[in-house]
Amino acid sequence: MPERVVVVGASPKEERYSNKAVKDLAAHGHTVLPVHPLCAEIHGQACYKSLAQISGQIDTVTLYVGPDKSSQMIEEILGLHPARIIMNPGAENDALEEAAQARNIEVVRGCTLVMLRTLQF
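1. Digging into the sheet that holds strand β7 (residues 106-109)
Part 1: If you trace the 5 strands from one edge of the open sheet to the other, you get β2-β1-β5-β6-β7, paired in parallel fashion. A single partner strand is all that each edge strand has here, and the edge strands are β2 (31-35) and β7. This sheet shows a mean twist of 20 degrees between the axes of neighbouring strands, independent of strand direction.
Part 2: Across 4 bridges, the pairing between strand β5 (residues 60-63) and strand β6 (residues 84-87) is parallel. What sits directly across from Thr60, in β6, is Arg84.
Part 3: Taken strand by strand, helix α4 (residues 94-102) contacts β5, β6 and β7, and its axis lies near 150 degrees from that of β7.

Set out below in structure tokens:
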């Protein structure tokens, strides 16, 4: 079933995993909401400059930023009320995970790209 997916740390650089995630999520039929403060669009998907610009139901937030950045965004991420947060390799954040679980938000430490390819997304 298609989801609305926020990609935190989306990159316009094609060699970045977050760029590949935007492309692959869209190819799998998901509505992709990439977040990048300086980018207008990635693979035809309009970028949001901040999480505060995003509204509506969010199924998944997938993180491609390190804990130093995501720690500053905990309340904004949780404020989206996602059903799930995916912490891609290198994006693991214990404080965010604890706060999310306290709000009954599923946290997955995994790779969005692998999850898509193995039909576990």
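2. Considerations on the side chain of Glu97
Part 1: By the element assignment, Glu97 lies in helix α4.
Part 2: Overall, Glu97 belongs to the buried group, its relative accessible area being 16%.
Part 3: When neighbours within four sequence positions are excluded, Glu97 is seen to be in contact with Met87, Val107 and Arg109.

3. A look at the pattern of salt bridges
Part 1: A full pass over the atoms with the stated rule returns 5 salt bridges.
Part 2: Of the charged contacts, one joins Glu75 and Arg103 as a salt bridge, the two residues approaching to 3.1 Å between their closest N and O atoms. Residue Glu75 is found in helix α3 (residues 74-79), and its partner Arg103 is found in the loop between α4 and β7; the two are separated by 28 residues along the sequence.
Part 3: Its relative accessible area of 53% is what places Glu75 among the exposed residues.
Part 4: Accessibility expressed as a relative area gives 43% for Arg103, which makes it partly exposed.
Part 5: Because the salt bridges share partners, they merge into one network encompassing Asp94, Glu97 and Arg109.

The rules behind these values
- Residues numbered from 1 in each chain as written.
- Predicted model: local features only at pLDDT ≥ 70, side-chain atom pairs only at ≥ 80, totals over all residues.
- Heavy atoms only, no water.
- Pairing = 2+ DSSP bridges.
- Helix = DSSP H or I, 4+ residues; strand = E, 2+ residues; numbered from the N terminus.
- Axes fitted to C-alpha atoms, helices over the stretch in contact; angles between N-to-C directions.
- Contact = heavy atoms within 4.5 Å.
- Buried < 20%, exposed > 50% of the residue type's maximum accessible area, 1.4 Å probe, protein only.
- Salt bridge = Lys/Arg side-chain N within 4 Å of Asp/Glu carboxyl O.

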